[in-house]
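If you want the building blocks of each chain, they are given just below.
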Amino acid sequence: MTNDASALEREIEMTRDRLAGTIDQLLYRAHPKTIVNREVTSIKAHYVDLDTGAPRTDNILKTVAGIAGFVLVFAVIRKIARD
């Protein structure tokens, strides 16, 4: 009976430790600074190869083309609205 109680106590303590570790991980992941850093890194990775530091010109050109297209459409709409 004592063995069973000791084993149960050890199991409960191990479960508490695992739960505490899981809670710490969740708090870290949900912290606003961690979220911001993760998103900034994700955006940087879209435009720069994080391993080599080389720019990803294909993604940069797509973004520039999208912005230029938006500005062009906006300018055309303004011109039409003025006339």
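Residues numbered from 1 in each chain as written. Predicted model: local features only at pLDDT ≥ 70, side-chain atom pairs only at ≥ 80, totals over all residues. Heavy atoms only, no water.

Engineer: Even after reading the chapter, I still don't get the overall build of the chain, so can you show me in this structure?
Structural biologist: A tally of helices and strands in the chain yields three helices and zero strands. Along the chain, helices (α) and strands (β) appear in the sequence α-α-α when read from the amino end. Taking 2.2 N^0.38 as the reference for a compact globule, 83 residues should give roughly 12 Å; the C-alpha atoms of the chain span a radius of gyration of 27 Å, well beyond that estimate. Counting only C-alpha atoms and orienting by the principal axes, one finds that the chain spans roughly 90 × 35 × 20 Å. For the chain, the residues scored as buried account for 2% of the 83 residues in total. (Helix = DSSP H or I, 4+ residues; strand = E, 2+ residues; numbered from the N terminus. Rg over C-alpha atoms; globule rule 2.2 N^0.38 Å. Buried < 20%, exposed > 50% of the residue type's maximum accessible area, 1.4 Å probe, protein only.)

Engineer: Would you mind going over the confidence of the model for the chain with me for this structure?
Structural biologist: In regions of low pLDDT, the predicted coordinates are not meant to be interpreted in detail. Of the residues in the chain, 98% have a pLDDT of 70 or more, and the chain-wide mean is 92. Mean pLDDT values for the elements of the chain range from 91 in helix α1 (residues 2-30) up to 95 in helix α3 (residues 57-82). (pLDDT = per-residue confidence, 0-100.)

Engineer: What am I meant to see in the side chain of Asn59 here?
Structural biologist: Assignment of secondary structure puts Asn59 in helix α3. Reaching out from Asn59, the side chain makes a polar contact with the backbone oxygen of His46 at a distance of 2.7 Å. (Polar contact = N/O pair within 3.5 Å; in protein donor to acceptor, adjacent residues only side chain to side chain.)

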